[in-house]
4 protein chains.
Amino acid sequence: MTPKVAIVGYRGYSGVELVRLLERHSRVEHVLLDHREDSGAGPAIRHQKPPHRLPCSPEAVKAEGIALVFLATPPEVSMELAPAMLGAGARVVDLSGAFRLRTPENYAAWYKEPHTQPALLAEAAYGLPEFCRESIPPARLVANPGCYPTAANLAIRPIVEAGVVDRAAGIVCDAKSGVSGAGRKPSLKTSFCEVADNFNAYSILRHRHVPEVLQVSGLAECEFSFTAHLLPLDRGILETVYFRAKGLAGAEDLLAVYERRYAGEPFLRLYNPGHFPNLRSVARTNFCDIGVALDSKTGRAVVVSAIDNLVKGAAGQAIQNMNLMLGFPETEGLL
Amino acid sequence: MTPKVAIVGYRGYSGVELVRLLERHSRVEHVLLDHREDSGAGPAIRHQKPPHRLPCSPEAVKAEGIALVFLATPPEVSMELAPAMLGAGARVVDLSGAFRLRTPENYAAWYKEPHTQPALLAEAAYGLPEFCRESIPPARLVANPGCYPTAANLAIRPIVEAGVVDRAAGIVCDAKSGVSGAGRKPSLKTSFCEVADNFNAYSILRHRHVPEVLQVSGLAECEFSFTAHLLPLDRGILETVYFRAKGLAGAEDLLAVYERRYAGEPFLRLYNPGHFPNLRSVARTNFCDIGVALDSKTGRAVVVSAIDNLVKGAAGQAIQNMNLMLGFPETEGLL
Amino acid sequence: MTPKVAIVGYRGYSGVELVRLLERHSRVEHVLLDHREDSGAGPAIRHQKPPHRLPCSPEAVKAEGIALVFLATPPEVSMELAPAMLGAGARVVDLSGAFRLRTPENYAAWYKEPHTQPALLAEAAYGLPEFCRESIPPARLVANPGCYPTAANLAIRPIVEAGVVDRAAGIVCDAKSGVSGAGRKPSLKTSFCEVADNFNAYSILRHRHVPEVLQVSGLAECEFSFTAHLLPLDRGILETVYFRAKGLAGAEDLLAVYERRYAGEPFLRLYNPGHFPNLRSVARTNFCDIGVALDSKTGRAVVVSAIDNLVKGAAGQAIQNMNLMLGFPETEGLL
Amino acid sequence: MTPKVAIVGYRGYSGVELVRLLERHSRVEHVLLDHREDSGAGPAIRHQKPPHRLPCSPEAVKAEGIALVFLATPPEVSMELAPAMLGAGARVVDLSGAFRLRTPENYAAWYKEPHTQPALLAEAAYGLPEFCRESIPPARLVANPGCYPTAANLAIRPIVEAGVVDRAAGIVCDAKSGVSGAGRKPSLKTSFCEVADNFNAYSILRHRHVPEVLQVSGLAECEFSFTAHLLPLDRGILETVYFRAKGLAGAEDLLAVYERRYAGEPFLRLYNPGHFPNLRSVARTNFCDIGVALDSKTGRAVVVSAIDNLVKGAAGQAIQNMNLMLGFPETEGLL
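Conventions used here
- Residues numbered from 1 in each chain as written.
- Chains lettered and ligands numbered in written order.
- Predicted model: local features only at pLDDT ≥ 70, side-chain atom pairs only at ≥ 80, totals over all residues.
- Helix = DSSP H or I, 4+ residues; strand = E, 2+ residues; numbered from the N terminus.
- Rg over C-alpha atoms; globule rule 2.2 N^0.38 Å.
- Buried ≥ 20, exposed ≤ 12 C-beta atoms within 10 Å, placed from the backbone.
- Contact = placed C-beta atoms within 7 Å.
- Nonpolar A, V, L, I, M, F, W, Y, C, P; charged D, E, K, R; others polar.
- Least-squares fit on C-alpha atoms with pLDDT ≥ 70 in both.
- Axes fitted to C-alpha atoms, helices over the stretch in contact; angles between N-to-C directions.
- Parallel < 35°, antiparallel > 145°, perpendicular 65-115°, else oblique.
- Left-handed = near helix turned anticlockwise from the far one by under 90°.
- Pairing = 2+ DSSP bridges.

Peer 1: Just to check I follow, could you spell out the overall build of chain A for this structure?
Peer 2: Along chain A, the regular secondary structure elements total 12 helices and 14 strands. Relative to the globule expectation of 20 Å for 335 residues, the C-alpha radius of gyration of chain A, 20 Å, shows essentially globular dimensions. With the C-alpha coordinates aligned to their principal axes, the bounding extent of chain A is approximately 65 × 45 × 40 Å. In chain A, which comprises 335 residues, the share counted as buried stands at 55%.

And the structure:
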């Protein structure tokens, strides 16, 4: 029997992307859970079959036999819904920041509000398959990584693990994201006339995604400088990572570090020396693309990583996690 | 009598901007010099008076009594035209990279072709008024700075001068530019369908603007990592500069470094802590805007500088140099 | 003594543009009137002098001796403020739709709410100088035209007046506007991720600007089809007008109609046959540019008109009206 | 055995889209035919398998047993290659304008050069399945429709057939296209800095797609006014069609005309009254979406149609034609 999965927050950009990707997935059926009232605007397209919708209640989830719920909701809503959905017998992939950090104290420090579900926080698995593939299949609750940390950790952790970073000099990660990363709720900051023809840095040194990078990469806060920027485009994240390399003779050596670490990984693509990914390379895909440069005289190194923030940075990775949790091939519905 | 100035390359983006700005300048008349044949497309607007155009020859420049010529041309054309224009009695502001570096060897190393005018290279003044204000007024030939180096040096040199940079850790400059920086000549790289909805890094660690930054800032190459990126917008440069600060207690201390250095500077604007410039802040202006962040616990510092690449990064700064050379108020036509 | 003028709604896009243009105007001083509370965000730029602000009250307007108030406010606010400002002795240029239509009935029919100031509606002069230049100087209250109607009427009225339109076939006006026309208030419709890479028609046949076009052009509703479209860009309106020409042998004949009507007009620019304006032609200017095509075999004619919706379509035209009202040269501050 | 199909012009935007869509098609294998030399830039992505490429010669096509060739080439190249490919035993879907018009005279009049293959022109089937579904399966050579005419004819032919158009008043079609419609070859007209933040009309009344609309819709040239416009976005066409309706009481009546005509059509979607498609509705799909408005008092009617110019307007429709020619389900690979 085909398992059923459900989506809360299906009108947000991550939620819409989840629906789009699940429509191509051959091993699950999906339903929508109505968490908040919606304006009852009629359907635009004539004779279009409305999607299958249920109220977002434990009773409905139980009655429908939902195997897994995606929470594409803000952290405070996820903290409220995750225990309810788990209690109704569903497993949960949460796309918010609610369950990504390891301690309530760390959460409170970066999210500026107390964590209301410390037991679930302790239980949650971090859903970055390339580094946590063992802990995801048995988990009841998976915290889907943030978009910036996904691109950052996939670029940074292999070089930290391999010991090729001069940690005294630290790592700089200059990150640029499309506007969909800010969500669908209208605000002046994401209004067309404010964003178009414009570009700006924000949350300099204090973005709430920083602790996720530290936690996964093993860097200390003093070793890592991160700035987020807003690009005048819809989707995509590109991060430019700078460090001093130790013990590497050139770009091929640096690439070899990534090749060893990512051998067999279906969603990592490396670029030949002199080539670098751009946002179109990864748009609407679950790939993370990586290119590198290294000045052999001085050891100055640059790594560029690119993802689609709504796919590998959100909905695609959530489905990758679902595939691992439900025992499907990891790439099902994602290639 | 109102001095006459002339523009070569008036169809390029910097040239068009020069014409636009000179139309508002009350102390000079300007004429256009035709260096290459142009398609004789008729005028679009009915009864519009054609601009005053002359052939780009020493004879015409002499006959017309041109006091100063702007070369908004590629470096190889500037190397050809600069001696001719100087020979005709005009002073020259060159907007290309031809005369910015101090030695022919350095030029050859970064521009991948020999310098054909080493004597003029030795003579040329570097036209960054905030740091070279004394050498510009008497100069016959001024090398107008590159767009990236203008934003970089205005952010970096004050902190290097003040000795607040941990130079062992180096400085990272992550630079992002609008497409007009690549010039008007059609190419696939600047085609709408390749640039729109896209973002990419280029010339990583080996951009030809790097030596200008080293020359002005006093950094060694091993201390400086620079990556250029192409933004999907028309105009503007934003650079995010990372370093480890020494001897600064917080953002106010860092701001004080800039305030001291830029006291009285008409085109530098500093931002209060927590505020940062964006590209709209500086669009169509000759300002360079600077904002800073500093983590007092760890000394990690970030400086954001923004300019309009066609104004402070090209035509506006060229007029600022002209004002200094011809004895006008430095801000004439630019506020 | 320099007259003082004031702006209500100075944070909206038209208001910001008014401030920008008034800063260049040499014959008036301007102050800002605070109509609603604003979040007290501190100034971004260090040591920047805050603008001169007053409460938006009749007392303050009287005390300050304000000669003229610009209302860059929604119609319901304009209906509330116009009598108060007039009562305080100021003249008013209203940029909303409140006072543009001739009868309260017509207003109620298109704006879907009753008009609360019918006496002022009867008194107001319509501020399209090219067609109403006599009634503006003596007026106490001028209704600044809508952005779409400005471009439409400047294209349509000359050909209707000249009798060269086959009115049985009607006139089609297909209008496209940048997003700033929708105002600064955040909404999903003007969110970056909804507008970028997108294009749509709206208010088909029932846009509230239609009656302004009928009123000025003399067309009956059944003779005029109008559709508005939203362009993925910040500013600019381009309208493509279709009709069957009578008695014209070719494009030159059609141009001659406009040339006769607009002889001496400072803000109208006509294009030679085969040339047409685009939005960049008029960006940040008070011009209305017009180009025409005519198929002499069949009489099918097309007229393209372009304006900057925030300048000739709002703030620039408001200043043009102010210039007429206060006896300044009509082009002061606008060229 | 899986049939093999081949693509000439696989680097152009339509060609790239063909490759993307054929990768999802389960019933054919595809190869690339190298018609012109290409710069031998190495592959960007490491260890990526290069695509299967052959020289574009009749011998290679024969030897490989190619069943069908897509020509995504300019008309003059298509006129040269079509007979060669047919001679090698392959059937041809041509995406250029070479074989769309019925007579060499008409071709010469609109394309401004003689037609060199009049016999093939006479033989070619016009590949608009919704109106020519019978003639496509047996055809050796199918002329894939132009992008503008696809959206225009799908909007216009049903109402002309149904006799609900007041033909004396004519039909206006105001068409707007993304930049990819202009092809991949770099030119100033499609440079980012010329197109971004801009919008313009072009080829007014004399676009070479006009005769295709006349041919399919049955309108006479004097009954049809067409203007193309260039949108600052990558892909998509939206056309706004204006006419006077006869015998229709309201929008539901007009929709009923389309519903009857398009019953069972897999790629036509109609919108409920008050709803209209936008470009995002159809991006990356083979749908043509249609919405309508009708003023019942005056008969003024507006129809909005939208397609993705690279899919239903080029590569998608070419595959739809291939499906018909090779006996596959019409929607294979396209939903």
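Once you've had a look at it, read on.
Peer 1: It is not clear to me how the interface of chain B and chain A should be interpreted in this structure. Could you clarify?
Peer 2: Quoted interface sizes are often the accessible area lost when the parts come together. On the side of chain A, 34 residues touch chain B, which itself brings 34 residues to the contact. Counting only elements with at least two residues in the side of chain B that touches chain A, the list comes to β8 (171–177), β9 (200–202), β10 (224–230), β11 (237–244), α11 (279–282) and β14 (300–307) of chain B. Classifying every residue of the side of chain B that touches chain A by side-chain character gives 17 nonpolar, nine polar and eight charged.

Peer 1: Can you help me understand the relation of the copies chain C and chain A in this one?
Peer 2: Superposition of chain C onto chain A requires a rotation of 180 degrees combined with a translation of 0.0 Å along the rotation axis, giving an RMSD of 0.0 Å. Taken together, the rotation and translation describe the operation of a two-fold axis. The residues that chain C uses at the interface reappear at the interface of chain A in 100% of cases, marking a shared surface.

Peer 1: What am I meant to see in the packing of helix α1 (residues 13–22) of chain C against helix α12 (residues 311–326) of chain C here?
Peer 2: The packing of two helices is summarised by the inter-axis angle and the distance between the axes. Residue and element names in this part refer to chain C. One can describe the packing of α1 onto α12 by two numbers: an axis separation of 9 Å at closest approach and a directional angle of 45 degrees. Between α1 and α12, the crossing angle belongs to the class labelled oblique. Of the two elements, α1 crosses α12, and the hand of that crossing is right-handed. Taking contact as the criterion, the partners of S14, E17, L18 and L21 in α1 are, on α12, V311, A314, A315, G316, A318 and I319.

Peer 1: Any chance you could explain the sheet that holds strand β8 (residues 171–177) of chain D here in plain terms?
Peer 2: Backbone hydrogen bonds hold the strands of a sheet together, and the pairing may be parallel or antiparallel. Residues and elements named next belong to chain D. Strand order in this open sheet of seven strands is β9-β10-β8-β11-β14-β13-β12, and the pairing throughout is mixed. Of all strands in the sheet, those with a lone pairing partner are β9 (200–202) and β12 (268–270), marking the two edges. When strand polarity is set aside, the average angle formed by the axes of neighbouring strands in this sheet is 25 degrees. Bridging between strand β11 (residues 237–244) and strand β14 (residues 300–307) involves eight bridges; their strand directions are antiparallel. The residue of β14 that forms the bridge with L238 is A306. Contacts from helix α7 (residues 147–161) reach β8, β10 (224–230), β11, β12, β13 (288–294) and β14 within the one sheet, and its direction differs from that of β11 by about 30 degrees.

Peer 1: Just to check I follow, could you spell out unusual backbone geometry for this structure?
Peer 2: Excluding glycine, most residues fall at negative phi; most peptide bonds, likewise, are trans. The phi angle at S203(A) is positive, at roughly 50 degrees, despite the residue not being glycine. Here D197(B), not a glycine, exhibits a phi torsion of approximately 55 degrees, which is positive. Along the chain, the position of D197(B) falls in the loop between α8 (192–195) and β9.

Peer 1: Is there a simple way to explain the environment of P3(B) in this structure?
Peer 2: All names here are of chain B. Topologically, P3 is positioned in the segment before β1 (4–8). Owing to 16 C-beta atoms within 10 Å, P3 belongs among the partly exposed residues under this scheme. Taking the C-alpha atoms as reference points, P3 and I66, separated by 63 residues in sequence, lie 7.3 Å from one another. Excluding its chain neighbours within four sequence positions, the residues that come into contact with P3 are V28, A67 and L326.

Peer 1: I'm lost on the packing of helix α7 (residues 147–161) of chain C against α12(C) in this one. Help?
Peer 2: All names here are of chain C. Between α7 and α12, whose axes approach to 8 Å, the crossing angle comes to 100 degrees. With respect to α12, the axis of α7 lies roughly perpendicular. Contacts from C147, T150 and A151 in α7 reach K312, G313, A314 and Q317 in α12.

The values reported here are purely geometric and, on their own, carry no functional implication.
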